[in-house]
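Spelled out from the first residue to the last, the chains are:
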Amino acid sequence: HSVSYSLSPLHTSVSIFRDCKGCCIGANEGRVSVEYISEADAKKNFAFKCHRVNTQGTMPNNCEVYPVNDIAFHPSGTLATVGSDGSFCFWDKDSKSRLKMSARSSMPISSCAFNADGTLFAYSASYDWHRGHAMAQTLKQQGMRPRLMIRATRGEASPKAPTPAPTYW
């Protein structure tokens, strides 16, 4: 089965929903496309921007855009994205909201995964070649080395309960 999507053809990552009803596709343009396989669910398809850094007027549109390097699904159905900006984000695709954004690492984050019950999140910070060979040499001269990080999620990747509407008597 082939899935059509609206992102640039330079996609960098793909991950299938836990319920196998669709997938998320990451692109080098700092976007993720949420795509459902069934044509009946096609109206739920959308894309969102991520892994962008505000440059406060020094760049066109005031932001620098980074590739989305990997996408991983949490057992609850939420997802994580990691990017060349050196951050990871947890997202709730169903409510179309960001749950958490990490502080930026000094190196790009190239891959990520959750453990089976979603209590641990692992990611690797390493050069991903999005800035070419010269940057690889610079990082090497600065003594930057790849790192594997494992952290407890502490519920940060779980969907938030909806806030009940106030009742007026």
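Position numbers for residues count from 1 along each chain, tracking the sequence in the order it is written. Local features in this predicted model are restricted to residues of pLDDT 70 or higher, and side-chain atom pairs are both shown and tallied only at a pLDDT of 80 or more, whereas totals for entire chains, interfaces and linings draw on every residue. Side-chain numbers here rest on the full set of heavy atoms in the structure, without hydrogens or water.

(A) How the structure looks around the packing of aromatic side chains. Classification of ring pairs uses Phe, Tyr and Trp, with its six-membered ring standing for Trp, and accepts pairs whose centres are within 6.5 Å; under 30 degrees between planes counts as stacked, over 60 as edge-to-face, and the remaining range as tilted. Applying the stated criterion to the full structure yields eleven aromatic pairs. Look at F48 and W91: their rings are 4.5 Å apart centre to centre, the planes differ by 45 degrees, and that puts the pair in the tilted class. Taken together, the residues span a long stretch of sequence, with F48 in strand β4 (residues 46–49) and W91 in strand β9 (residues 88–92) at a distance of 43 residues. The same class applies to F48 as to W91, namely buried. Ring geometry for F121 against Y123: centres 5.7 Å apart, planes inclined by 35 degrees, an arrangement best described as tilted. Chaining the aromatic ring pairs together yields one cluster made of F88, F90, F114, F121 and Y123. A cation sits over an aromatic face here: K93 above F17, 4.4 Å from the ring centre. Residue placement shows K96 over the ring face of F46; its charged tip is 4.6 Å from the ring centre. By the criteria applied, helices consist of DSSP H or I runs no shorter than four residues and strands consist of E runs no shorter than two, each listed in order from the N terminus. Categorising residues by exposure relies on relative accessible area from a 1.4 Å probe, with only protein chains included: less than 20% of the type maximum marks a residue as buried, more than 50% marks it as exposed, and the intermediate range marks it as partly exposed. We call a charge positioned above a ring when the Lys NZ or Arg CZ atom is no farther than 6 Å from the ring centre and deviates by at most 35 degrees from the ring normal.

Keep in mind these numbers describe shape, not what the thing actually does.
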